[in-house]
Amino acid sequence: MSWVRTVSCRLSAWQQARQTWKEDKERFKAEQKAAPKAGKVPENPGPPPTGFSLLPWLLMGMGAFSNLFQGKTPDPWIGGLGLLAFNSCYIYVVFRAFHKQTRQARSTRAALVVMGVVTFGLAIGYGGSWLLFFPLLGLATGAVVRGPWLGRTGLALTAVAGAVSCLRDGWNGLNVAYGTFLSTMVTAAILSLSEAVRELRAAREELAHRAVEQERLRFSRDLHDLLGHTLSVIVVKSEAARRLAPRDLEAALAQVTDIESVGRQALTEIREAVTGYREGSLGTELDRARSALTAAGIEPVVRRSGPPLVSQTEALLGWVVREAVTNAVRHSGATRCEITVDGTSERVRLTVADNGSGAPAVPAPAGVGGTGLRGLTERLAAAGGSLRAGPSPRGGFTVTAELPVESASPVQPPPQSLSPAATAPRAD
């Protein structure tokens, strides 16, 4: 019964993909409606294209299905099996065409070849409305074949479609050849352009993240300079106080007073300098989560996209990652854990999903930490967000957190906090 389990898993994955696609679509529509009120255009280009965007084109085969249903097609069993085989291969191919790894797989190319054989057989055998399967074959071909082979494949398919269509329908078959050529090239061009735009956007977001990390590194160096200067002054005055204490107690007390004053001033400057930097980095928590999962024998899969986040948002999401990964390591019995951070100009969503037993997380003891799922739900709600946790329909346990996104820009340390280090020699 392994095939039953395989079909069940594929149906569950398909339903999960459909649910995610619907959520992304609804979020995109909400952003589009809110954009005119805010006087800006959202940067989010919308949900990425999936196989659902190519399914409506199957309506082009309704003419053949109608003839088959009305009994106007000879050998209806052959036509019915051919229609079923074509539609099955088409759905299989288009849903695998939007990921490079599955698009280039041999099974995808084999299904495309089977589509071509079925299309040729149905067109040469029946003609008429069955010829419209050639443009559908061209659409699937354009979705799968990219790069230097696209031109030669498209021209070969167009030539075959034109020859068969003209043989069955006379010169009107040239319209089918033209439609096949257009569907192949236009589909490939649109999907390639969409993929390139998203890759460029992802590269820009990665550069923004790196800029934020570099700014934090720069600030840490400046803070080192500040502490080095202050501590060197304290050490010098402490030595002076120790030398003066045996022979001049008042002078030693004066040095101690200076040490107290320098310490208080340094404490004030450090507090000012670390404002906005004290919260943990989400990137650091993701690295720790990856390390913890690997050590526990769980395969980590981490994906992150979206604009840079402010420190408060990163801190809250970091707590969610820490709590969810801790529960996955301790209680799930999983072999794989996926952590996805998907941010837009309006909201950011964090999803931690494992393929374990789906058992609920053990709640944190009352009064300890306050970082259990219940405490995190309250903290995210106070920040205008939400947290959902529970068993996933496809198995395992899923934690999903959403927060509104505030404008995030690299935080500059206050100038007054760096003035001592700028005017004093370094003390390493």
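The structure presented is a predicted model; accordingly, all values stated were derived computationally and were not measured. The numbers attached to residues start from 1 for each chain and follow its sequence in the written order. Per-residue local features are limited, in this predicted model, to residues with pLDDT of at least 70; the limit for side-chain atom pairs, both in listing and counting, is 80 or more; totals at the level of whole chains, interfaces and linings are taken over all residues. The side-chain values count all of the structure's non-hydrogen atoms but skip hydrogen atoms and water molecules.

A simple rule labels every residue: compare its accessible area, found with a 1.4 Å probe on the protein chains alone, to the largest value its type can have, and call it buried under 20%, exposed over 50%, or partly exposed in between. Helix numbering and strand numbering both begin at the N terminus, where a helix is a DSSP run of H or I of at least 4 residues and a strand a DSSP run of E of at least 2. With burial as the criterion, only one face of strand 2 (residues 336–343) is covered, namely that bearing Cys-337, Ile-339, Val-341 and Gly-343; the residues Arg-336, Glu-338, Thr-340 and Asp-342 on the opposite face remain uncovered. Convention used here: a crossover is right-handed provided that the path from the first strand, over the helix, to the second strand proceeds clockwise when the strands point away from the viewer. Remark: the strand 1 (residues 299–305)/helix 11 (residues 311–332)/strand 2 crossover connection has left-handed handedness. Across seven bridges, the pairing between strand 2 and strand 3 (residues 347–354) is antiparallel. Opposite Cys-337, over in strand 3, you have Asp-354 as the bridge partner. Any two strands with at least two DSSP bridges between them are considered paired. Linking strand 2 to strand 3, which pair antiparallel, is a turn of three residues.

Attention now goes to helix 12 (residues 373–382). Leu-373, Gly-375, Leu-376 and Leu-380 are the residues of helix 12 that are buried. Burial along helix 12 is one-sided: seen end-on, the buried residues are contained in an arc of 155°. The exposed residues of helix 12 that point more than 90 degrees off its buried face are Arg-374, Glu-378 and Ala-382. Whether two residues are in contact is decided by their heavy atoms: any pair within 4.5 Å suffices. Buried-residue contacts for helix 12 involve helix 11, strand 4 (386–391) and strand 5 (397–404). The positive-phi residue at the C-terminal boundary of helix 12 is Gly-384, with phi of around 85°. Starting at the helix axis, one direction is taken to each C-beta atom, and the arc is that of these directions.

For this analysis, a ring pair means two rings from Phe, Tyr or Trp (six-membered ring only for Trp) whose centres lie within 6.5 Å, classed as stacked if their planes differ by under 30 degrees, edge-to-face if by over 60, and tilted for the remaining angles. Counted according to the given criterion, the structure contains four aromatic pairs. Taking 6.4 Å as the distance between ring centres and 15° as the angle between the ring planes, the aromatic pair formed by Phe-86 and Tyr-90 counts as stacked. Placement of both Phe-86 and Tyr-90 in helix 3 (residues 76–95) is noted, with a separation of four residues, approximately one turn of the helix. The exposure class assigned to Phe-86 is buried, which follows from its relative accessible area of 0%. With 5.8 Å between their ring centres and 45° between their planes, Trp-130 and Phe-133 make a pair best called tilted. Grouped by ring-pair contacts, the aromatic residues Phe-86, Tyr-90, Tyr-126, Trp-130 and Phe-133 constitute a single cluster. Above the face of the Trp-149 ring, Arg-152 is positioned so that its terminal group lies 4.4 Å from the ring centre. Cation over ring: Arg-322 sits above Trp-319, and NZ or CZ is 4.7 Å from the ring centre. Any Lys NZ or Arg CZ found within 6 Å of a ring centre and within 35 degrees of that ring's normal is scored as a charge over the ring.

The next point concerns the packing of helix 6 (residues 133–144) against helix 7 (residues 149–169). Axis separation between helix 6 and helix 7 bottoms out at 11 Å; the angle between their running directions is 175°. Between helix 6 and helix 7, the crossing angle belongs to the class labelled roughly antiparallel. Facing helix 6, whose interface residues are Phe-134, Leu-137, Gly-138, Thr-141 and Gly-142, helix 7 presents Leu-150, Thr-153, Leu-157, Val-160, Ala-161, Val-164 and Ser-165. Tallied by class, residues from the contact of helix 6 with helix 7 come to seven nonpolar, five polar and no charged. To define axes, lines are fitted to C-alpha atoms, for helices over the stretch in contact only, and angles between the resulting N-to-C directions are given on a 0 to 180 degree scale. Here roughly perpendicular refers to angles of 65 to 115 degrees, roughly parallel to angles under 35, roughly antiparallel to angles over 145, and oblique to all remaining angles. Throughout this entry, Asp, Glu, Lys and Arg are counted as charged residues, while Ala, Val, Leu, Ile, Met, Phe, Trp, Tyr, Cys and Pro are counted as nonpolar. The remaining residues, Gly among them, count as polar.

In this model, the chain carries a mean pLDDT of 78, and residues with pLDDT of at least 70 account for 77%. Values of pLDDT, ranging from 0 to 100, describe the predictor's confidence in every residue of the model. Segment residues 361–371: pLDDT under 50, and 13 contacts once partners within four positions in sequence are set aside and those in other chains are kept. Under a pLDDT of 50 for its full length, residues 407–428 has, in the predicted model, 36 contacts with residues more than four places off or in other chains.

Attention now moves to the sheet that holds strand 5. Strand pairing in a sheet takes place through backbone hydrogen bonds and is either antiparallel or parallel in direction. Taken together, the five strands give an open sheet; going across it, the order is 1-2-3-5-4, and neighbouring strands pair in mixed fashion. Each edge of the open sheet is held by one strand with a lone partner, namely strand 1 and strand 4. For this sheet, the mean angle separating the axes of adjacent strands, direction not counted, is 5°. Helix-sheet contacts for helix 12 involve strand 4 and strand 5, and the interaxial angle to strand 4 is about 150°.

The next thing to look at is the nonpolar core. Within soluble globular proteins, side chains that are nonpolar tend to cluster in buried spots. Residue types Ala, Val, Leu, Ile, Met, Phe, Trp, Tyr and Cys, when buried and joined through side-chain atoms within 4.5 Å, form a set referred to as a nonpolar core. Formed by 30 residues in total, the largest nonpolar core has its most connected members in Leu-54, Phe-86, Tyr-90, Val-93, Leu-112, Met-115 and Phe-133. Going through the elements one at a time, helix 2 (62–69), helix 3, helix 5 (106–126), helix 6, helix 7 and helix 8 (173–244) are the ones with two or more residues in this core. It is helix 6 that provides the largest number of residues to this core, a total of seven residues. Residue contacts for Val-93: discarding those within four places in its chain leaves Thr-108, Ala-111, Leu-112, Met-115, Ala-140 and Val-144. Counting residues in hydrophobic clusters, the runner-up holds 27 residues, among them Leu-293, Val-320, Leu-380 and Val-399.

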